[in-house]
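# Examining the three-dimensional arrangement
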Amino acid sequence: MLNTTSDTAWTEAAGQIVRAGQRMDQRGWVPATAGNLSVRLADGRIAITRSGGHKGFLTEQDVIQITPEGVPLDPTKRASAETLLHTQLYAHDPSIGAVLHGHSVAATILSMDEPTDAITLAGYEVLKVFEGQPTHDTSLDLPLFHNDQDIARLSTVVAPKLSDMRLGYLIRGHGVYVWGKDMFTALARLEGLEFLLACHLARLQKAR
Ligand SMILES: CSCCC(=O)C(=O)COP(=O)(O)O
Ligand SMILES: [Zn+2]
């Protein structure tokens, strides 16, 4: 039985996910049913979007409670197909409180065209959105991984690199993962990263 405090925390977390989905949709980062969103509550519960819903039209009923291992508490509900990529981040870093995944045009094109295993973003003022960056005069790598429909296998490729990630990561032809201590921070980081990717893409296209 949940107490009132827990219920209030759950309602707040579900509301944050619904509103963040709307914002991501308005920005064009979650076309069709793409993307997924999660929040970890202070008591350790994880709220995540159900699989297959449009992230711009979520209701609180589309937000599912899962265990830290990614198992829905209600076995009739199907959590995001990419749940494991969220739970591995929460397990990796106890300070993470929200994880966002989107499929923007810039992230998708850049992830397919970049020949190396990272996109380097350097010299941008907006890099200061990311913690520990006091100046634009810096260079940060966004790691790139090959897409894989086997999410468990993909998670094992991502895992050894997690400690070095400063921006998030990209999956080729698929999309971006970012996170933060709470939903507000995760959204700010996603917005900053999408801005940087749009700038990077525009400069590459201009140079061609
Ligand atoms: C239509 S996009 C294909 C699935 C995907 O990549 C995604 O992000 C959404 O999957 P979910 O199961 O979280 O709805
Ligand atoms: Zn996806």
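The numbers attached to residues start from 1 for each chain and follow its sequence in the written order. Going through the entries in the order they are written, you letter the chains from A and number the ligands from 1. Side-chain atom pairs in this predicted model are given and counted only at pLDDT of 80 or more, local residue features only at pLDDT of at least 70, and totals for whole chains, interfaces and linings cover all residues.

As recorded in an unreviewed UniProt entry, the chain goes by Methylthioribulose-1-phosphate dehydratase and comes from Gluconobacter cerinus. UniProt positions are given in the numbering used here, feature names are shortened, and annotations may be inferred rather than shown by experiment. Checking UniProt for the chain, the heading Sequence similarities (unreviewed entry) contains the comment "Belongs to the aldolase class II family. MtnB subfamily." The Pathway (unreviewed entry) field of the UniProt record for the chain holds the comment "Amino-acid biosynthesis; L-methionine biosynthesis via salvage pathway; L-methionine from S-methyl-5-thio-alpha-D-ribose 1-phosphate: step 2/6."

### Focus: the overall build of the chain
Numbered from the N terminus, helices here are DSSP runs of H or I no shorter than four residues, and strands are runs of E no shorter than two. Looking only at helices and strands, one finds 5 helices and 8 strands in the chain. Ordered by position in the sequence, the α and β elements of the chain form the string α-β-β-β-α-β-α-β-β-α-β-β-α. The quantity called the radius of gyration is restricted to C-alpha atoms. Its globule counterpart is 2.2 Å times the number of residues to the power 0.38. Scaling as 2.2 N^0.38, a compact globule of 208 residues should have a C-alpha radius of gyration of about 17 Å, and the chain matches this with 17 Å. C-alpha atoms of the chain, sized along the principal axes, occupy 60 × 35 × 35 Å. With C-beta atoms placed from the backbone, a residue is buried if 20 or more other C-beta atoms are within 10 Å of its own, exposed if 12 or fewer are, and partly exposed between those counts. Split into buried and exposed, the 208 residues of the chain put 38% on the buried side. Here the contact rule is simple: place C-beta atoms from the backbone, and any two residues whose C-beta atoms are within 7 Å are in contact. In the chain, the proportion of contacts linking residues at least 24 apart, taken out of those at least 6 apart, comes to 64%.

### Some words on the UniProt feature "binding site: Zn(2+)" (unreviewed entry) in the chain
Using the residue numbers shown here, the UniProt feature "binding site: Zn(2+)" (unreviewed entry) corresponds to His101 and His103. Along the chain, His101 turns up in strand 4 (residues 98–102). According to the C-beta neighbour criterion, His103 is buried, with 21 such atoms within 10 Å. If near-sequence neighbours (up to four positions away) are discounted, His103 is found in contact with Trp29, Val30, Pro31, Ala34, Gly35, Thr108, His174 and Gly175.

### Details of the site of ligand 1
Near, as applied to residues and a molecule or strand, means the residue's backbone-placed C-beta atom lies within 6 Å of it. Ala32, Thr33, Ala34, Gly35, Asn36, Thr49, Ser51, Gly52, Ser80, Ala81, Glu82 and His101 make up every residue found near ligand 1. Residues were grouped as follows: Ala, Val, Leu, Ile, Met, Phe, Trp, Tyr, Cys and Pro as nonpolar; Asp, Glu, Lys and Arg as charged; and all remaining residues, including Gly, as polar. Within the shell around ligand 1, the residues separate by chemical class into 3 nonpolar, 8 polar and 1 charged.

### A short note on the UniProt feature "domain: Class II aldolase/adducin N-terminal" (unreviewed entry) in the chain
As recorded in UniProt, the feature "domain: Class II aldolase/adducin N-terminal" (unreviewed entry) lies at residues 15–201. Strand forms 21% of residues 15–201 and helix 31%; the C-alpha atoms that close the span are 33 Å apart.

### Topic: the packing of helix 2 (residues 83–92) against helix 4 (residues 151–158)
Fitted lines through C-alpha atoms give the axes, limited to the stretch in contact for helices. The angle between two N-to-C directions lies from 0 to 180 degrees. As a packed pair, helix 2 and helix 4 sit with axes 9 Å apart at the nearest point and diverge in direction by 35°. Helix-helix and strand crossings are classified by hand; for helix 2 and helix 4 the assignment is right-handed. On the side of helix 2, the interface is formed by Leu84, Leu85 and Gln88, while helix 4 contributes Ile151, Ala152 and Ser155. Considering only residue class, the contact of helix 2 with helix 4 consists of 4 nonpolar, 2 polar and no charged. It is the rotation of the near helix from the far one that decides the hand of a crossing: anticlockwise by less than a right angle makes it left-handed, clockwise makes it right-handed.

### Regarding the nonpolar core
Core analysis: the largest hydrophobic core is formed by 49 residues, its most contacted members being Ile17, Ala47, Leu100, Val178 and Ala186. Ranked by residues supplied to this core, first place goes to helix 5 (residues 183–207) with 7 residues. With near-sequence residues (within four places) excluded, Leu100 lies in contact with Ala20, Leu37, Val178, Ala186, Leu187 and Leu190. For this entry, the nonpolar core is defined as buried Ala, Val, Leu, Ile, Met, Phe, Trp, Tyr and Cys residues connected by C-beta atoms within 7 Å.

### Some thoughts on unusual backbone geometry
Positive phi outside glycine occurs at Ala32, with the angle close to 55°. Overall, the presence of 10 C-beta atoms within 10 Å leaves Ala32 in the exposed class.

### Section: the environment of Thr49
Here Thr49 lies in strand 2 (residues 46–49). Between the C-alpha atoms of Thr49 and Val18, which are 31 residues apart in sequence, the distance is 8.9 Å. Setting aside chain neighbours within four positions, we find Thr49 in contact with Ile17, Asn36, Leu37, Lys55, Leu58, Asp62, Val63 and Ser80.

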